[in-house]
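Chain by chain, the residues:
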Amino acid sequence: MGDLQQYLTEIFESFSEPVARRCYSIKPRIESGIAMFEKAIESLESYKGDPEEELIGPASVNSAKTQKSHYTEALKSFIASAKSDEHGSYGDTRYERLEYEKTVYQSLISKILSSNSTFKSVVIGYSSQLDGFKKSFSYIERGVASFEAELSKGSERFRQYEYVRNAISHARSTSDELAEISSMLSKSENVQPDPEKMNKIKADEASLNSKISGLRDRSAYLSSEINRAYSEIDQLLQRIERAARKYDYVSAQKRKFSDYLSNRYAMLENESDYSDFLKMLEDMRDRISKGEIMVKNPQDEISHINLILGSGISDNLESIASLKSEKASIDGEIEAHGGEIRAIEMEKSKNDYTLGSKAQLSERKASLERELSQAKLAIEKHFRDYFGKEIKIP
């Protein structure tokens, strides 16, 4: 029984070798397409010209110029993530690892398409510079389609492998339970039941469960309070995001105000970043007041900025930190009590075995022996039917 899984894997690897070989021959095409795509990103990054105004309209020119770097950074992030995930360890067989790589490639394609939709003004405005994108992306898509088509040729064989693998796993767990039951039967000869101990165990369990229930209610309440506090901050800051992008364009500071807002919690919880945020906010208010930044309702925008400055965000963050600390402490208690509950369950199980009749254990043992015998016969049949291998499991 202990050798079955390794033997099954060896057989499957042999059967799936042609599919794996063809997939590995396609991978360089996909990797080449990704490399071409990276070069296309570098080319767009280095391009200093303006987007084509006639394609996107004059109102979108500045937006497209600003978003170009965000677009290329997003694409580079997707590729870096795909490369990292591609080399991750997954599954016991080459086929499973190839299946996983296929999902990585498909995810990359999906993310690129989604990014194209998000940054539509960049894609349209710089279309003349995107020939390299189109060619390399098409190269990636065709490679992944071929990869997927080859992999699908091994899907039925893999389904058979999974079916037999699950059957082996079930047989092994049945065998383990049978060994445990047999051990209990041999040990139960000299063990006497203890009803008083069982009553105390049950009382302790009820008390602990009640305590855990109260702690979970408190943890849930704290989570809702934390989410509510974050939501209040979000509502305050979302209103100024459009003005922040205009401020970045006008002020031309090295650190973008909109970057602070997009990563707002990391910024707000850092004392230095928070101080810079307040300074930028005050500067933006002054520029709106002077007309250097054009917004739809300047006075409303200034009033809202004053509201943010006077809202005491730092106090909210201290409150959130306190709530998080309390929640972490409570969650730690819940986990610790969970360990106590598991210990109680083990004691109950031990006592249940002694309180239960030997006849019940013997009946369970006989049932497991029949189940294991049938499982062995089924596995032998699977090896014969699926892989043409005659085996015998003692």
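Whatever comes next refers back to the structure up there.
Below or above, wherever it landed, is the structure these notes cover. What you see is a predicted model; the values in this text were computed from it and never measured.

### Here's the deal with the overall build of the protein
Part 1 of the argument: In terms of regular secondary structure, the protein is built from 15 helices and zero strands.
Part 2 of the argument: Relative to the globule expectation of 21 Å for 394 residues, the C-alpha radius of gyration of the protein, 32 Å, shows a markedly less compact shape.
Part 3 of the argument: C-alpha atoms of the protein, sized along the principal axes, occupy 90 × 60 × 25 Å.
Part 4 of the argument: Per-residue burial for the protein yields a buried fraction of 36% across its 394 residues.
Part 5 of the argument: Counted over contacts in the protein with a minimum sequence separation of 6, partners at least 24 positions apart contribute 82%.
Part 6 of the argument: Of the accessible surface of the protein, which amounts to about 22500 Å², a share of 48% is contributed by carbon and sulfur atoms.

### A closer look at the layout of surface pockets
Part 1 of the argument: Empty space within the largest pocket amounts to approximately 890 Å³.
Part 2 of the argument: Along the walls of the largest pocket sit 26 residues, with Ser63, Thr66, Arg245, Lys246 and Tyr249 positioned nearest its centre.
Part 3 of the argument: When residues of the lining of the largest pocket are traced back to their parent elements, those giving at least two are helix H3 (61-86), helix H9 (241-251) and helix H10 (257-262).
Part 4 of the argument: Class assignment of the residues belonging to the lining of the largest pocket gives a composition of eight nonpolar, nine polar and nine charged.

### Side note on the environment of isoleucine 334
Part 1 of the argument: Mapped onto the secondary structure, isoleucine 334 falls in helix H14 (residues 313-355).
Part 2 of the argument: Along the primary structure isoleucine 334 and arginine 216 are separated by 118 residues, whereas in three dimensions their C-alpha atoms are 7.4 Å apart.
Part 3 of the argument: Setting aside residues up to four positions removed in sequence, isoleucine 334 forms contacts with Ile212, Leu215, Arg216 and Ser219.

### Digging into the packing of helix H1 (residues 4-46) against helix H7 (residues 155-187)
Part 1 of the argument: Relative orientation of the contacting elements H1 and H7 amounts to 175°, with a least axis distance of 10 Å. Our classification of the angle between H1 and H7 gives roughly antiparallel. Taking contact as the criterion, the partners of Leu4, Gln5, Leu8, Thr9, Phe12 and Phe15 in H1 are, on H7, Arg157, Phe158, Tyr161, Val164, Arg165, Ile168 and Arg172.
Part 2 of the argument: Residues that form the contact of H1 with H7 fall into these classes: eight nonpolar, two polar and three charged.

Scoring rules and cut-offs
Residues numbered from 1 in each chain as written. Predicted model: local features only at pLDDT ≥ 70, side-chain atom pairs only at ≥ 80, totals over all residues. Heavy atoms only, no water. Helix = DSSP H or I, 4+ residues; strand = E, 2+ residues; numbered from the N terminus. Rg over C-alpha atoms; globule rule 2.2 N^0.38 Å. Buried < 20%, exposed > 50% of the residue type's maximum accessible area, 1.4 Å probe, protein only. Contact = heavy atoms within 4.5 Å. Areas by Shrake-Rupley, 256 points an atom, 1.4 Å probe, with all protein chains shown as cover. 1 Å grid on protein atoms, 1.4 Å probe; cavity = no way out; pocket = protein on both sides within 12 Å on 5 of 7 lines; lining within 4 Å. Points joined across faces, edges and corners; volume = space filled by probe spheres on them. Nonpolar A, V, L, I, M, F, W, Y, C, P; charged D, E, K, R; others polar. Axes fitted to C-alpha atoms, helices over the stretch in contact; angles between N-to-C directions. Parallel < 35°, antiparallel > 145°, perpendicular 65-115°, else oblique.

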